[in-house]
Amino acid sequence: MRKKVIAGNWKMNNDLSESQNLVSGIISGLGNDTKCDVIVCPPFTSLSEVNTLIKDTPVKLGAQNMHYEDSGAFTGEISNSMLKSVGCEYVIIGHSERRTIFGENDEMINKKNKKALESGLKVIFCIGESLEQREEGITNEVVKKQIVNGLMNVTPDDLMNIIIAYEPVWAIGTGKTATPEQAQEVHSFIRGQIENIYSKESSENLQIQYGGSVKPENAATLLSQPDIDGALVGGACLKADSFLSIIASA
Ligand code: PEP
């Protein structure tokens, strides 16, 4: 039975004191008894402090992005060892905002996935179709290409350190959520692709999160679908109460 995993992507929100307040609220509401994995992904500037605050709690730390080189002349970028040095266990790779606003393509995302895994970070690997692609009826084709390219040369052992987040771009930050049936259909397709590339065992162990306007009101029905193993939450993770309520649904 796969464990559910709820991750909060804070995006470019929360300065240091706001980050301290948010994570403190999450920790105190959560207690020590969580049945699912809980990950918070604050901005880089808050990682170190949040890491201190989550010590001895069930909350795990993730970053929102990472460069694929170890070091060098890459102004404004951040490396795997920098993230690990401030306590990150996870890193989000290939978020649609990175793909669309910052021009990240499948090749870069594949390099990032491989570098993160090689360095011992776990990856939340984001994929998903745009509204035009859904309307054109090519959702499966798009998602398949993102999986094949993004996971190129990722070994079955490394796959165990990947969570796939299916995030239809049209549902991110828009208030429009995929119906549980729409999401389940794509999640099941994704699991099938992983079985084709790797094995049945790999596909059955893989955690696949849904992301796109997950809120306390819709979390339970989404999370009750057989192939939805958690949620990557944007807007609704910025208030401790709503994030805690989504965790409770899981
Ligand atoms: C996200 O950024 O990964 C996301 C799912 O955002 P939101 O929940 O706000 O749609």
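Residue numbers restart at each chain and count upward from 1, following the sequence in its written direction. Owing to the predicted nature of the model, reporting of local features is limited to residues with pLDDT of at least 70; listing and counting of side-chain atom pairs is limited to 80 or more, with chain, interface and lining totals taken over all residues. Working from all heavy atoms in the structure, the side-chain values ignore hydrogens and water.

*Asks:* With reference to specific residues and values, describe the pairing of strand β8 (residues 230–233).
*Replies:* In this scheme, a residue with accessible area under 20% of its type's maximum is buried, one over 50% is exposed, and one in between is partly exposed, where area comes from a 1.4 Å probe on protein chains only. Under the DSSP-based scheme used, a helix requires at least four consecutive residues in state H or I and a strand at least two consecutive residues in state E, with every element numbered from the N terminus. Residue alternation in β8 divides its side chains into two sets, Gly230 and Leu232 and Ala231 and Val233, and both sets are buried. One ladder, built from 4 bridges, connects strand β1 (residues 5–9) with β8; its direction is parallel. Across the sheet, residue valine 5 finds its bridge partner in β8, namely glycine 230. Between any two strands, pairing holds if DSSP finds at least two bridges. The sheet contact formed by strand β7 (residues 207–211) and β8 spans 2 bridges and is parallel. Bridged to tyrosine 210 within β8 is alanine 231. We call a crossover right-handed when, viewed with both strands directed away from the observer, the connection leading from the first strand over the helix to the second proceeds clockwise. In this fold, the crossover linking β7 to β8 by way of helix α11 (residues 216–223) has right-handed handedness.

*Asks:* Explain the packing of aromatic side chains to me, and be specific about the residues and the numbers.
*Replies:* When two rings of Phe, Tyr or Trp (its six-membered ring) have centres within 6.5 Å they constitute a pair, described as stacked for plane angles under 30 degrees, edge-to-face for angles over 60, and tilted for the intermediate range. In this structure the tally under the stated criterion is 1 aromatic pair. Measuring from centroid to centroid gives 6.3 Å for tyrosine 166 and tyrosine 210, while their planes differ by 55 degrees, and the two rings are tilted. One end of the pair, tyrosine 166, is in strand β6 (residues 162–166); the other, tyrosine 210, is in strand β7, and 44 residues separate them in sequence. Overall, tyrosine 210 belongs to the buried group, its relative accessible area being 1%.

*Asks:* I'd like a description of the state of the cysteines, backed by residues and values.
*Replies:* Only a pair of cysteine sulfur atoms within 2.5 Å counts as a disulfide in this structure description. Considering all chains together, one arrives at 0 disulfides under this definition. Summary of cysteine pairing: cysteine 88 is not part of a disulfide, and the nearest cysteine sulfur, belonging to cysteine 41, is at 8.0 Å. For the unlinked cysteine cysteine 126, the closest cysteine sulfur is that of cysteine 41, found at 9.2 Å. Overall, the relative accessible area of 1% leaves cysteine 126 in the buried class.

*Asks:* How would you summarise the site of the ligand if you had to cite specific residues and measurements?
*Replies:* The near set for a molecule or strand comprises every residue that places at least one heavy atom within 4 Å of it. In the vicinity of the ligand, 14 residues are found, and the nearest of them are Lys11, Glu167, Gly173, Ser213 and Gly234. Polar contacts here mean pairs of N or O atoms no more than 3.5 Å apart (in protein, one a potential hydrogen donor and the other a potential acceptor; neighbouring residues in sequence count only if both atoms are side-chain atoms). Glycine 234 is positioned such that a nitrogen or oxygen atom in its backbone is 2.8 Å from an oxygen atom of the ligand. A distance of 2.8 Å is found between an oxygen atom of the ligand and a backbone nitrogen or oxygen belonging to glycine 235. Protein contacts shield 96% of the accessible area of the ligand, which totals 300 Å² for the unbound molecule. Taken together, the residues of the shell around the ligand break down into 4 nonpolar, 8 polar and 2 charged. Each accessible area is a Shrake-Rupley estimate made with a 1.4 Å probe; only the visible protein chains count as cover when residues are assessed. Note on residue classes: Ala, Val, Leu, Ile, Met, Phe, Trp, Tyr, Cys and Pro are nonpolar, Asp, Glu, Lys and Arg are charged, and everything else, Gly too, is polar.

*Asks:* Quick rundown of the sheet that holds β6? Include the residues and the values.
*Replies:* Neighbouring strands of a sheet are bound in pairs by backbone hydrogen bonds; such pairs are parallel or else antiparallel. In space, the 8 strands of this closed barrel follow the order β1-β2-β3-β4-β5-β6-β7-β8, with parallel pairing throughout. The mean angle between the axes of side-by-side strands here comes to 25 degrees, regardless of whether they run parallel or antiparallel. Where β6 meets β7, 4 bridges bridge the pair, whose relative direction is parallel. Bridge assignment links alanine 165 to a residue of β7, and that residue is glutamine 209. Throughout, a residue-residue contact means that at least one pair of heavy atoms, one from each residue, lies within 4.5 Å. Fitting a line to C-alpha atoms yields each axis, with helices limited to the stretch in contact; the angle taken between N-to-C directions then spans 0 to 180 degrees. This element, helix α2 (residues 44–54), spans β2 (37–41) and β3 (59–63) of the sheet and lies at about 165 degrees to β3.

Purely geometric stuff here, so don't read any function into it on its own.
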